[in-house]
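Here is what each chain is made of, one letter per residue.
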Amino acid sequence: MSLLEIDNVTLRFGGLVAVDNVSLRVNEGEVFALVGPNGAGKSTIFNLISRFYDPAEGRIRFDGKDLLKHTADQVPSFGIARTFQNIELFEQATVLQNLLVGRHRHRKTGMLSNIVFSPKAYREELRHREAVEEVIEFLNLQPYRDKMIGGLPYGVRKVVELGRALASEPKLLLLDEPASGLSVEETQDMAFWIEDIQTQMGISVMMVEHDMGLVSAVSGRVMALSDGKELATGTAAEVQSHPAVIEAYLGTGEISKTGTSRA
Amino acid sequence: MRFVFKTSYDADISLFKHRAQAVWYGLLLLLVLATPLYFVAIGDAYLLGEITGILILAIAGMGLMLLTGHTGLPSLGHATFMAFGCYLNINLLGAGVPWLIAFPLSGLIAGGLGTMIALPVLRLHGVYLALATLAMSMLTSDFVVIAEPWTGGIAGAAVPDINIFGMEINRYSTPYKFYYLVLFVAILIVWFYRNLLRTPTGRSFTAVRDSEISARAMGINLTRTKAMSFFLSATAAGLAGALFGHSAGYVTNETFDLVMSITLLLMIVIGGLGFIHGAFFGAIVVGIIPVAIANGRTFLSTTFDVNINVPGLESALFAFILICFILFEPMGLYGRWLKIRTYFELFPFYRKDMFKRQKSYLKTDRVQ
Ligand SMILES: Nc1ncnc2c1ncn2[C@@H]1O[C@H](COP(=O)(O)OP(=O)(O)OP(=O)(O)O)[C@@H](O)[C@H]1O
Ligand SMILES: [Mg+2]
């Protein structure tokens, strides 16, 4: 069954049609990639799923439930976690604290029991720490565990953001350009992690990525978008050789077999 | 140099990072518990009253710190919540409610009223909230006058003494008891505050402060979280207001004025935004400046026969200190303290840029 179903979704920003009648399916256990030139509407699709924007038309369903009936802060409770293209971490907190916020959807104690630090709150806290510690181990974040985000290098922040999303134990992980700005080695690590997330943790992944090398390495199906419209869907190779896709990228020099990532 | 080896998750969750820290806070507790002994010995409790005043300010400061320092919502109206707490306390006590009930109740009602006032503007962004609370603070004096039957209006109202199971507590006749009572409330609130910060509620506050977008994407309801922070914040301010009333003995429409609201905000900035310690450091500065100025004046006039009588000297000095902090020490007194401590802990490995924040990246793709 499809985990995420997007049907004929359209979103306009004033006169600009950012997403134009797009339909797509993300199946359970799959890595689905969205590619396309700058301004194609990829991040906007993520923001629609996150319910930051209301589509003008169309349906978005997750696990059979209508997402459009819910607000942005209810989306994570379905098991959807995400990262942002331009890293949105809690800057004045440590790595550990950031990951712990990722646990928010599993929160079971209220303000009152938190204030008096009831035994229940204590036990819950222990569970959160254990879960977060697993993520820290998985992503090799131990050296940065108690560091403030503010002072961390870009590459580490990207990983922390992935960690924060993983800490929520999602069913679907939305990654907006997970490899942008990363070095070759860091991109390699990211590819391994995404594979592990899919195969070992059984989490479905939907990602936006310009690095075609990474896209071909990890994703099953790929959808190419341009000007908010679907151009083609298929394997990475099929999409890259599709005439409409080549046309859309013509002159931008962005798409290539080896995958040159954007600066 | 000290390394902290963590052997279990408890090490992260517990109140103190390591044994030495627990020992330091234990010593500090002993010190504040023993302070009155000194004043008993010299037989003059005047300064103890000032210290009690600092503690009351720190309680209000902690309230504002939670809202501004930890949730990122500015308020220029916390004196109003203090007024709520103070007058509610007076009226409840006047109606025969025992202090042990009247005091917490006035805090809670002040918290509830504060939240109700704040709710309509919570959806708006920082500066609107600041303006709205500023307006509220400016109107407070008028409302106190209008609500004369409960507040005594311009003539003012006397604050009844505290009575706990027959034990009378009054700032002047029993300064030591009053000190211990305020100290107890302050420590209790510090404990609540610490608990909050190590559990999901506190983390949701700081998440909202640092990135509303991310907070929402993690499942945090912005309005509810902000309202919760406002409630706790105004409750603490209300409690501080009630204690302030007991400390002043008599309150009028001019007691909880705009200057007090602004002082509270400046206080937590000077102390160090985002740290519980900041509320205390700030309160100490605010508490000491008037005493220092008064002493300086007496010293100058008695030894050199120089009489300085500049009106507004206190505010000017205060503003000057504030500007210095914003320019040279944005992390406040507590930040300065952290740096000094790190310097000694890491000696000789301290680097000058250790506390510098990395420039944040462009946020062009931020969701609007
Ligand atoms: N909040 C907004 N208001 C107005 N226009 C917007 C907004 N967000 C995005 N757009 C526009 O919608 C279009 C699609 O933007 P989107 O961010 O989805 O592109 P993208 O495919 O993610 O591109 P990139 O690869 O550069 O990240 C762009 O033309 C952009 O300028
Ligand atoms: Mg984008």
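Presented here is a report on the structure given in the accompanying data block. Quantities reported herein were computed from a predicted structural model and do not represent experimental measurements. (Residues numbered from 1 in each chain as written. Chains lettered and ligands numbered in written order. Predicted model: local features only at pLDDT ≥ 70, side-chain atom pairs only at ≥ 80, totals over all residues. Heavy atoms only, no water.)

### Brief notes about the overall build of chain A
Helix and strand content of chain A: nine helices and 10 strands. A compact globule built from 263 residues should have a C-alpha radius of gyration of about 18 Å, and chain A, at 19 Å, falls within 12% of that. Taken along its principal axes, the extent of the C-alpha atoms in chain A is 60 × 40 × 35 Å. A burial count over chain A gives 58% of its 263 residues as buried. Within chain A, contacts between residues at least 6 apart in sequence are counted, and of these 67% link residues at least 24 apart. In the form shown here, chain A has an accessible surface area of approximately 10400 Å², with 52% of it arising from carbon and sulfur atoms. Positive and negative charge centroids in chain A, built from 27 and 35 side chains respectively, lie 7 Å apart. (Helix = DSSP H or I, 4+ residues; strand = E, 2+ residues; numbered from the N terminus. Rg over C-alpha atoms; globule rule 2.2 N^0.38 Å. Buried < 20%, exposed > 50% of the residue type's maximum accessible area, 1.4 Å probe, protein only. Contact = heavy atoms within 4.5 Å. Areas by Shrake-Rupley, 256 points an atom, 1.4 Å probe, with all protein chains shown as cover. Lys, Arg positive; Asp, Glu negative; His and termini not counted. Charge placed at Lys NZ, Arg CZ, Asp CG, Glu CD.)

### Thoughts on the site of ligand 1
Every one of the 16 residues lining ligand 1 counts as a neighbour, but Gly39(A), Lys42(A), Ser43(A), Thr44(A) and Gln85(A) are closest to it. Near ligand 1, the surrounding residues belong to chains A and B. A distance of 2.9 Å separates an oxygen atom of ligand 1 from a polar backbone atom of Gly39(A). Ser43(A) is positioned with one of its side-chain polar atoms (N or O) 2.7 Å from an oxygen atom of ligand 1. (Near = heavy atom within 4 Å. Polar contact = N/O pair within 3.5 Å; in protein donor to acceptor, adjacent residues only side chain to side chain.)

### Let's talk about the sheet that holds strand β4 (residues 57–62) of chain A
All names here are of chain A. Pairing within the open sheet is antiparallel, and its four strands lie in the order β2-β1-β4-β5. Taken across any chain shown, the strands that pair with only one partner, and hence form the sheet edges, are β2 (16–27) and β5 (65–66). Across the sheet, helix α1 (residues 42–49) is in contact with β1 (2–13), β2 and β4; its angle to β1 comes to roughly 115 degrees. (Pairing = 2+ DSSP bridges. Axes fitted to C-alpha atoms, helices over the stretch in contact; angles between N-to-C directions.)

### Remarks on the nonpolar core
Ranked by internal contacts, the top residues of the largest apolar core, which has 81 residues, are Ile59(B), Met82(B), Trp99(B), Leu243(B) and Phe256(B). The element contributing the most residues to this core is helix α3 (residues 46–70) of chain B, with 13 residues. Those residues within four positions of Phe256(B) in sequence are excluded, and the remaining contacts are Ala79(B), Met82(B), Ala83(B), Cys86(B), Tyr87(B), Thr140(B), Gly241(B), Phe244(B) and Val251(B). One finds Leu100(A), Val205(A), Leu214(A) and Val215(A) within the second-largest nonpolar core, a separate group that totals 47 residues. (Core = buried A, V, L, I, M, F, W, Y, C linked by side-chain atoms within 4.5 Å.)

By themselves these figures say nothing about function.
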